[in-house]
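Here is what each chain is made of, one letter per residue.
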Amino acid sequence: MDLNRLVQKCSTVSHMKQLQAHLTTNGRFKSPFCPVRSKLIEFYALFPLPHQAHSLFLQIDTPSTNDFNAILRGLASSYQPAAAISWFHRMLCGSHKIDALTCSFVLKACARVLARPQTLQVHSQVVRSGFAADALLGTTLLDVYAKVGDLGSARKLFDEMPVRDIASWNALIAGLAQGNFASEALELFKRMREEGLFRPNEVTVLGALSACSHLGALKEGEKIHQYIRDEKLDMNVIVCNAVIDMYAKCGFVDKAFVVFDSVKCKKSLVSWNTMIMAFAMHGDGSKALELFEQMGQADVKPDEVSYLAALCACNHAGLVDDGMRLFNSMAGNGVNPNKKHYGSVVDLLGRAGRLQEAYDIVKSMPMVPDVVLWQTLLGPCHIYGNVEIAEIASRKLVEMGSNNCGDFVLLSNVYAAHERWKDVGRVRDIMKNRDVRKVPGFSYVEVDGAINKFFTGDKSHEKWREIYDKLDEIRFKIKEFGYVAGTNYVLHDIGEEEKENALCYHSEKLAVAFSLISTSEGTSIQVFKNLRICGDCHFVIKLISKIYNREIIVRDRVRFHKFDEGSCSCKDYW
DNA sequence: TTAGGGTTAG
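Residues numbered from 1 in each chain as written. Chains lettered and ligands numbered in written order. Predicted model: local features only at pLDDT ≥ 70, side-chain atom pairs only at ≥ 80, totals over all residues.

### Considerations on the protein's contact with DNA strand B
And then number 1: Contacts to DNA strand B come from 56 residues, most closely from Asn-69, Ala-167, Asn-241, Asn-273 and Gly-343.
And then number 2: Split into classes, the residues belonging to the surface near DNA strand B amount to 25 nonpolar, 20 polar and eleven charged. (Near = placed C-beta within 6 Å. Nonpolar A, V, L, I, M, F, W, Y, C, P; charged D, E, K, R; others polar.)

As structure tokens, this is what we get:
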């Protein structure tokens, strides 16, 4: 058997060592061009044996570009992609010849470590080396720019590409969809179809569907689903999974389940996970757990995401005992809990008021708790008035340099509930000194195909006067139902009445009021919010659903709330 | 011998 075929069959270190010995004894190792040697280097670089790769490399008198490419390619896919970037610099400093593949491999490493400055450096090197017209490399660059969050450069590159093919389109559509430019992604998808040069393929529709999921754009999503059926792209399980996710994130968990239940291809683990997560997001804990059980019968082994989805379902449905049982069964089923699983049970216990148990879990976990975990623990402290644990969690958050407004608000609320006004003042001083920032909350709603977006207290909408009049009417009506503004959801140094005003004009209330005046009686209203819905809005929207006899669905950052006849699908547990 | 675009996640 010749060596090239032999090397393909080598899969263990000892095989590789034998091959290396063979190359050395017959003298081929030292030859200037030796593909098998490159393969060996790549093998050592990819597996956790970079030292072997390095020492092997030192034995080569004049390493070829191929040898360098091999080590870059291996390292870029290894557990330490940053090392590929160092090797690239070593090549440049040593005046070794680079080719387009070298750049491609180092760019992959840049994407994995999200290194924007390095991406820019490689880009200028690509131009200097005369590879700018290479279509494949161009798409790689575009993709990496998008992945490191520089959508402007990705877009510019796309616009200026001398040759574009379907992968270039796909890379930008997917990049925009994942980089918070979902409407731009859908526009590009439409442009692609209008121009008609390329027929959208599986990868294209995945990007477009992901954009619909982000936006909650059901109508676009349905059109894409139809296209998928027409073009028979639904034989691809990844596409089916994205369709399931799209329906779920657009608020139609039933449609998601129909797709899940009738897929023509073989379901994958991700199909199950997506569907479990869909039920979880919609607060249907029992269906999520039922599906989780069915996985075993279908001979699909749950992985860490499955457990996370099931735990998340328990959280949203308040199934504390089920959740704890699930969590405690993980290790026995061969899945070690990670930080997210710990976060999930801390959340579960915390919201059930079992704060001491939640804190004990935090103390016992084998990994270092991160900011999100302390926030999870801090969250329910104000509901249950636990000053002691709130202080511990807040101290950790301050130590870790959190500048999140919410963290300070929560601690301040705990102090306020105990009338510890000096401490309240102290927290506010810290906020002032620290330049604590609040992510602006916004909500949007689609009416007659147009997206209407609202910020808190927004008066930029053309119908703002009618919207505010409607809110006055709502405020008047709900008071008859015993509504008292939950002013502890606001943190400003203002009086009670002003606090009530600040609450009254939260973006989700503006969106609901606008929908009430813009849609016919009895139709369902669907609102999307970028943050979590606030407790006061939750209470008010429940009353609106009763008084105005409307079904109102609100998708917040993590889940759906379906308000109907004065109650919410989350059963006030969220 | 080595290139580009892809689904689930508190």
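### Focus: the UniProt feature "repeat: PPR" (unreviewed entry) in chain A
And then number 1: The positions that UniProt labels "repeat: PPR" (unreviewed entry) are, in the present scheme, residues 165–199, 268–302 and 303–337.
And then number 2: With 77% helix and 0% strand, the stretch residues 165–199 has end C-alpha atoms that lie 11 Å from each other.
And then number 3: The span residues 268–302 is 74% helix and 0% strand, and its two end C-alpha atoms sit 11 Å from each other. (UniProt positions renumbered as here; feature names shortened; annotations may be inferred. Helix = DSSP H or I, 4+ residues; strand = E, 2+ residues; numbered from the N terminus.)

### Overview of the domain arrangement of chain A
And then number 1: Taken domain by domain, chain A comprises domain 1 (267–337), domain 2 (341–438) and domain 3 (442–568).
And then number 2: Computed over C-alpha atoms only, the centres of domain 1 and domain 3 are separated by 33 Å. (Domains from an automatic or database assignment.)

### Overview of the sheet that holds strand 6 (residues 567–568)
And then number 1: Taken in spatial order, the six strands make up an open sheet running 2-1-3-4-5-6, and their pairing is mixed. Only two strands of the sheet have a single neighbouring strand rather than two, namely strand 2 (450–455) and strand 6.
And then number 2: Note that strand 5 (residues 560–564) and strand 6 share two bridges and pair antiparallel. Bridging from a neighbouring strand, Asp-564 pairs with Ser-567 of strand 6. (Pairing = 2+ DSSP bridges.)

### Details of the packing of helix 5 (residues 65–76) against helix 6 (residues 82–93)
And then number 1: For the pair helix 5 and helix 6, interaxial distance at closest approach is 8 Å and the crossing angle is 160°. One element, helix 5, and the other, helix 6, form an angle in the roughly antiparallel class. With respect to the hand of their crossing, helix 5 and helix 6 are arranged in left-handed fashion. Of helix 6, the residues touching helix 5 (which contributes Phe-68, Ile-71, Leu-72, Leu-75 and Ala-76) are Ala-83, Ala-84, Trp-87, Phe-88 and Met-91.
And then number 2: The residue makeup of the contact of helix 5 with helix 6, split by class, is ten nonpolar, no polar and no charged. (Axes fitted to C-alpha atoms, helices over the stretch in contact; angles between N-to-C directions. Parallel < 35°, antiparallel > 145°, perpendicular 65-115°, else oblique. Left-handed = near helix turned anticlockwise from the far one by under 90°. Contact = placed C-beta atoms within 7 Å.)

### Some thoughts on helix 20 (residues 320–329)
And then number 1: All buried positions along helix 20 are accounted for by Asp-322, Gly-323, Leu-326 and Phe-327. The arc that holds the buried residues of helix 20, viewed along the axis, is 130°, so those residues lie on one side. Those residues of helix 20 that are exposed and angled more than 90 degrees off the buried face are Asp-321, Arg-325, Asn-328 and Ser-329.
And then number 2: Along its buried surface, helix 20 packs onto helix 18 (285–297), helix 19 (304–317) and helix 21 (339–351). (Buried ≥ 20, exposed ≤ 12 C-beta atoms within 10 Å, placed from the backbone. Arc of directions from axis to C-beta.)

### Considerations on the packing of helix 16 (residues 253–261) against helix 17 (residues 269–281)
Between two packed helices, the angle of one axis relative to the other and the distance separating the axes together describe the packing.
And then number 1: One can describe the packing of helix 16 onto helix 17 by two numbers: an axis separation of 10 Å at closest approach and a directional angle of 160°. In terms of their interaxial angle, helix 16 and helix 17 are classed as roughly antiparallel. As for how helix 16 packs across helix 17, the hand of that crossing is left-handed. Within the contact between the two elements, helix 16 uses Val-253, Ala-256, Phe-257 and Phe-260 and helix 17 uses Ser-271, Met-275, Ala-278 and Phe-279.
And then number 2: In terms of residue class, the contact of helix 16 with helix 17 is made up of seven nonpolar, one polar and no charged.

### A closer look at the nonpolar core
And then number 1: Formed by 155 residues in total, the largest nonpolar core has its most connected members in Ala-84, Val-106, Ala-185, Ile-276, Ala-310 and Ala-313.
And then number 2: In contact with Ala-185, not counting residues within four places along its chain, are Ile-173, Leu-176, Ala-177, Gly-207, Ala-208 and Ala-211. (Core = buried A, V, L, I, M, F, W, Y, C linked by C-beta atoms within 7 Å.)

### Examining the environment of Pro-32
And then number 1: Tracing the backbone shows Pro-32 in the loop between helix 2 (13–25) and helix 3 (35–46).
And then number 2: With residues up to four places along the chain from it excluded, the contact list for Pro-32 reads Thr-62 and Ser-64.

### A few points about the pairing of strand 4 (residues 552–555)
And then number 1: The alternating pattern of strand 4 places Ile-552 and Val-554 on one face and Ile-553 and Arg-555 on the opposite face, and all of these are buried.
And then number 2: As judged from the four bridges shared by strand 3 (residues 525–529) and strand 4, these two strands associate in the parallel manner. Opposite Gln-526, over in strand 4, you have Ile-553 as the bridge partner.
And then number 3: A crossover links strand 3 with its parallel partner strand 4, the connecting element being helix 31 (residues 535–547), and its sense is right-handed.
And then number 4: Both strand 4 and strand 5 contribute to a ladder of four bridges, which runs antiparallel. Across the sheet, residue Val-554 finds its bridge partner in strand 5, namely His-561.
And then number 5: Linking two consecutive strands that pair antiparallel, namely strand 4 and strand 5, is a turn of four residues. (Right-handed = clockwise from strand over helix to strand, strands pointing away.)

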